[in-house]
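# Survey of secondary and tertiary structure
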Amino acid sequence: MATFKTRAQYVADDLRERILGGEFKGGSQLRQDALARDYDVSRIPVREALLTLESEGLVEFHAHRGAFTTELSVAAIRELFDLRVLLETYVLRHAIPNLTAADLDHAGSVLRQYDAALDSGSQIDNWSDYNFAFHHALYAPSGLPETLAMIGQLNTKSGRYIRMQLVYTREIEKAELEHRELLELARQGDVDKACRLLESHIKDAAEGIAAVLEKNLRSA
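We now turn to the structure provided with this report. Keep in mind the model is a prediction, meaning the values are calculated, not measured.

## Brief notes about the packing of helix α2 (residues 32-39) against helix α3 (residues 43-55)
- Between α2 and α3, the least distance of the axes is 9 Å, while the angle of their chain directions is 110 degrees. Judged by the inter-axis angle, α2 sits roughly perpendicular to α3. Together, Gln32, Asp33, Leu35 and Ala36 of α2 and Arg43, Val46, Arg47 and Leu50 of α3 make up the contact between the two elements.
- The residue inventory of the contact of α2 with α3, partitioned by class, reads four nonpolar, one polar and three charged.

## Considering α3
- Between its terminal C-alpha atoms α3 stretches 18 Å, which fits the 18 Å expected from 13 residues at 1.5 Å a residue.
- Of all the residues in α3, the buried ones are Pro45, Val46, Ala49, Leu50, Leu53 and Ser55.

## Overview of α2
- Gln32, Leu35, Ala36 and Tyr39 are the residues of α2 that are buried. When α2 is viewed along its axis, its buried side chains cluster within an angular range of 105 degrees and face the same direction. Structural note: α2 exposes Arg37 and Asp38 on the side pointing more than 90 degrees away from its buried face.
- Of the residues one or two after α2, Asp40 is the one with positive phi, at around 55 degrees.

## Re the sheet that holds strand β2 (residues 59-62)
- Reading across the sheet, the three strands line up as β1-β3-β2 and stay open at both edges, with antiparallel pairing between neighbours. Each edge of the open sheet is held by one strand with a lone partner, namely β1 (29-30) and β2.
- Here β2 runs beside strand β3 (residues 66-69); their pairing, made up of four bridges, is antiparallel. Counted as the bridge partner of Glu60 is Phe68 from β3.

## What to know about the pattern of salt bridges
- Taken as a whole and assessed by the stated rule, the structure comprises 11 salt bridges.
- Where Arg18 meets Asp38, a salt bridge forms, and the shortest distance between an N and an O atom there is 4.0 Å. Here Arg18, found in helix α1 (residues 2-20), pairs with Asp38, found in helix α2; they are 20 residues apart in sequence, far enough to count as distant.
- With relative accessibility at 53%, the residue Asp38 sits in the exposed group.
- Glu184 is paired through a salt bridge with Arg187; the nearest N and O atoms lie 3.7 Å apart. Highlighted residues: Glu184 and Arg187, both in helix α8 (residues 172-188), separated by three residues, approximately one helical turn.

Cut-off values and rules
Residues numbered from 1 in each chain as written. Predicted model: local features only at pLDDT ≥ 70, side-chain atom pairs only at ≥ 80, totals over all residues. Heavy atoms only, no water. Axes fitted to C-alpha atoms, helices over the stretch in contact; angles between N-to-C directions. Helix = DSSP H or I, 4+ residues; strand = E, 2+ residues; numbered from the N terminus. Parallel < 35°, antiparallel > 145°, perpendicular 65-115°, else oblique. Contact = heavy atoms within 4.5 Å. Nonpolar A, V, L, I, M, F, W, Y, C, P; charged D, E, K, R; others polar. Expected span 1.5 Å × (residues − 1). Buried < 20%, exposed > 50% of the residue type's maximum accessible area, 1.4 Å probe, protein only. Arc of directions from axis to C-beta. Pairing = 2+ DSSP bridges. Salt bridge = Lys/Arg side-chain N within 4 Å of Asp/Glu carboxyl O.

The following block contains the structure:
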């Protein structure tokens, strides 16, 4: 079992560098049989490696077609996250005055689960879901269902970038601290400070993953 895991991890580590380095362009098909020949392994560790990269946001599986590299665009990252800033600060400003003790307790509970997953390094494919669940817990009392639906769509599109930011920038502790501070500002009812923190939190995340991609593109 140890040998199998080592092979799968080797393939994942090397393939990750090849994807981030630009060898495989966005939307490229990753054929398991060809990769198995490349790495002189069976298809089993290759599939495990591809599943790992899927959880990190670098690979997507399409039904009946196999694995493909995701489209990674710095311009798309910045556009998606700029839209998040506009909409999420808007709903947070409306939500904070309506937050109840139960709402805050729920947000705190979600945050504890999120922190536990981040600290353990497990459930990588769920990190963006936990992130959205925490933010949504703060936004839900805003009374703005249409805007919340739009935020949900934006988070679906940016989910893989959120996972990549946490995995590749190694700023997990910073994200955790900012989430705890955001919850405390919401608890205090400090709308302006909370919105300023949320804006910098989202923008920093965008710049973190953009920097990773730009670095890899320059070195390719």
